[in-house]
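One-letter residues, chain by chain:
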Amino acid sequence: MAQRATNLFSLARQALSHHRNWPRLWAAAEPRRHYQAIIIGAGGHGLATAYYLVREHGLSDVAVIERGWVGGGNTGRNTTIVRSNYLWDESAHLYEHSLKLWEGLTRELDYNVMFSQRGVLNLAHTVHDVREAKRRVNANRLNGIDAEFLDRDGVKAVCPGLDVSPTRRFPILGATWQKRGGVARHDAVAWGFARAASRLGVDVIENCPVEGFLIDNGVCKGVRTGKGEITADKVGIVVAGQSSVLAGMAGFRLPVTSHPLQAMVSEPIKPVVPCVVMSGQVHAYVSQSDKGELVLGAGIDRRNGYGQRGSFPVLEQEAAALLELFPAFSRLRLMRSWGGTVDTCPDASPIIGRTPIDNLFINCGWGTGGFKSTPGSGWVFAHTLATGQPHPLNAPFSLDRFTSGALIDEHGAAGVAH
Ligand SMILES: Cc1cc2nc3c(=O)[nH]c(=O)nc-3n(C[C@H](O)[C@H](O)[C@H](O)COP(=O)(O)OP(=O)(O)OC[C@H]3O[C@@H](n4cnc5c(N)ncnc54)[C@H](O)[C@@H]3O)c2cc1C
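Basis of the calculations
- Residues numbered from 1 in each chain as written.
- Predicted model: local features only at pLDDT ≥ 70, side-chain atom pairs only at ≥ 80, totals over all residues.
- Heavy atoms only, no water.
- Core = buried A, V, L, I, M, F, W, Y, C linked by side-chain atoms within 4.5 Å.
- Buried < 20%, exposed > 50% of the residue type's maximum accessible area, 1.4 Å probe, protein only.
- Helix = DSSP H or I, 4+ residues; strand = E, 2+ residues; numbered from the N terminus.
- Domains from an automatic or database assignment.
- Contact = heavy atoms within 4.5 Å.
- UniProt positions renumbered as here; feature names shortened; annotations may be inferred.
- Axes fitted to C-alpha atoms, helices over the stretch in contact; angles between N-to-C directions.
- Parallel < 35°, antiparallel > 145°, perpendicular 65-115°, else oblique.
- Left-handed = near helix turned anticlockwise from the far one by under 90°.
- Nonpolar A, V, L, I, M, F, W, Y, C, P; charged D, E, K, R; others polar.
- Pairing = 2+ DSSP bridges.

## Some details on the nonpolar core
Within the largest apolar cluster, 52 residues are counted, with the highest numbers of intra-cluster contacts made by Leu47, Tyr52, Trp102 and Phe193. Mapped by element, the contributors of at least two residues to this core are β1 (34–40), α2 (44–55), β2 (62–65), α3 (89–103), α4 (105–109), α7 (186–199), α10 (374–387) and α12 (411–414). Domain assignment of the residues forming this core places at least three in each of domain 1 (22–80 + 186–255 + 347–414) and domain 2 (111–182 + 257–344). If sequence neighbours within four positions are ignored, Tyr52 has contacts with His57, Leu101, Leu105, Phe193, Pro375, Gly378, Trp379 and Ala382. Ala63, Ile205, Val210 and Val239 belong to the second-largest nonpolar core, a separate cluster that totals 30 residues.

## Quick look at the environment of Asn122
Along the polypeptide, Asn122 turns up in strand β4 (residues 120–124). Note on Asn122: relative accessible area 7%, which makes it buried.

## Concerning the UniProt feature "domain: Rhodanese" (unreviewed entry) in the chain
Listed under "domain: Rhodanese" (unreviewed entry) in the UniProt record, and renumbered for this structure, are residues 38–81. For residues 38–81, the end-to-end C-alpha separation is 29 Å, with 27% helix and 18% strand making up the annotated structure.

## Focus: the packing of α3 against α10
Between α3 and α10, whose axes approach to 7 Å, the crossing angle comes to 110 degrees. Here α3 is positioned roughly perpendicular relative to α10, judged by the angle of their axes. Here α3 runs over α10; the crossing is right-handed. Together, Leu94, His97, Ser98, Leu101 and Trp102 of α3 and Thr374, Pro375, Gly376, Trp379 and Val380 of α10 make up the contact between the two elements. Taken together, the residues of the contact of α3 with α10 sort by class into six nonpolar, four polar and no charged.

## Topic: the sheet that holds strand β14 (residues 284–288)
Here we have eight strands laid out as an open sheet, ordered β5-β6-β4-β13-β14-β15-β12-β16, and mixed in their pairing. For this open sheet the edge positions go to β5 (148–151) and β16 (334–344), each flanked by a neighbour on one side alone. Between one strand axis and the next, the sheet turns by 20 degrees as a mean value, whatever way the strands run. Both strand β12 (residues 257–266) and β16 contribute to a ladder of ten bridges, which runs antiparallel. Across the sheet, Ser266 pairs through a bridge with Leu334, a residue of β16. Helix-sheet contacts for helix α5 (residues 127–142) involve β4, β5 and β6 (174–178), and the interaxial angle to β5 is about 150 degrees. Strands β4, β12, β13 (276–279), β14, β15 (294–300) and β16 of the sheet are contacted by helix α9 (residues 312–325), whose axis makes an angle of about 55 degrees with β12.

Written as structure tokens, this is what we have:
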């Protein structure tokens, strides 16, 4: 109540000055000459890494270096679906660890990330889908993850707006249901981590592109940036769609391809989609924002590219797919669309660990589905940077797996269905 009174008072006071005098959430920092650790990229993953480096591992001298602005990459462009129901043990443990961090994140950061556990449906339209869905539900349960298989009536009960009639072109035969999954407010996640990290003394340096690495005898000693050279004991690359570009600057190659991925929102309407609905078969997914807009997404552009924008054919396909699931939305108007650049690995799993260069680490390859792992990814990457060794949760996600062959193929759980 005291908190609410303060907030109402602040709102009224700031309104008098046309909201021009709100204090900055994080301090504007200029680079110092040396840090214990530099994180490249102020998306959610980079900021979370910096936060946990200080909070969990006691580093006192950390910088996050961002070429643009905090959260201006995929973190601020995604459709915010959070869940942990991946198939293989390695992924299930990693994403579930993250989901548990999500459940306490607002309190941890003292910032409302608007995490809404409204449940996530993955629809099954064919006998094969049903078989795969049941297999995943069983695998999830063995890993302690909440998962259920719903039949057609169960799906209708959870989401009455879905047309489940058997005569549809893609009839709904059932769905996986993860009740603890949901959505969060993407900007708030970036801002919350930036504020919390800044409060712990992390320098969040914006408008400072990394243009090269200081490498001496196979050891990374720092970075070259638009604001000069900065040395560091350790450097972590966390730049999503730009990962292969940064790896190229350091002289190694990644098995990562970058593609535009887009999303769009409708005009706001009354609440009609109470959970997240995803369909790999029809190739669409939807949730409803707190403002009432339907948040819609689909697949990646077929062509590679670094542009943060999409193309009309994907938007058309996205709209058509939505109508397969919800014919009632045919008269809705679309308001906005946008794109990000996603970094996909051949096995649809991330790379988190060491690089061929000593003291240079990388966290990338989250592709179309890394928002859900933001806190967990930062947590394990901070451990990896601080100790020089992967945490057991991210040890299977090393770059080496592309030479050892120990791939973690999550195409079934990751494709379209973020
Ligand atoms: C349209 C869309 C929908 C999505 N939907 C979902 C979803 O529903 N659920 C889900 O889990 N995931 C989703 N994703 C994926 C998710 O957004 C990403 O996996 C995740 O946000 C990646 O976070 P990040 O911090 O690694 O990257 P980013 O947020 O992209 O941050 C990387 C930062 O690095 C900076 N950078 C790049 N190059 C340099 C340089 N040279 N120097 C300094 N800084 C640099 C960039 O400016 C950027 O700010 C979606 C993505 C898109 C594009």
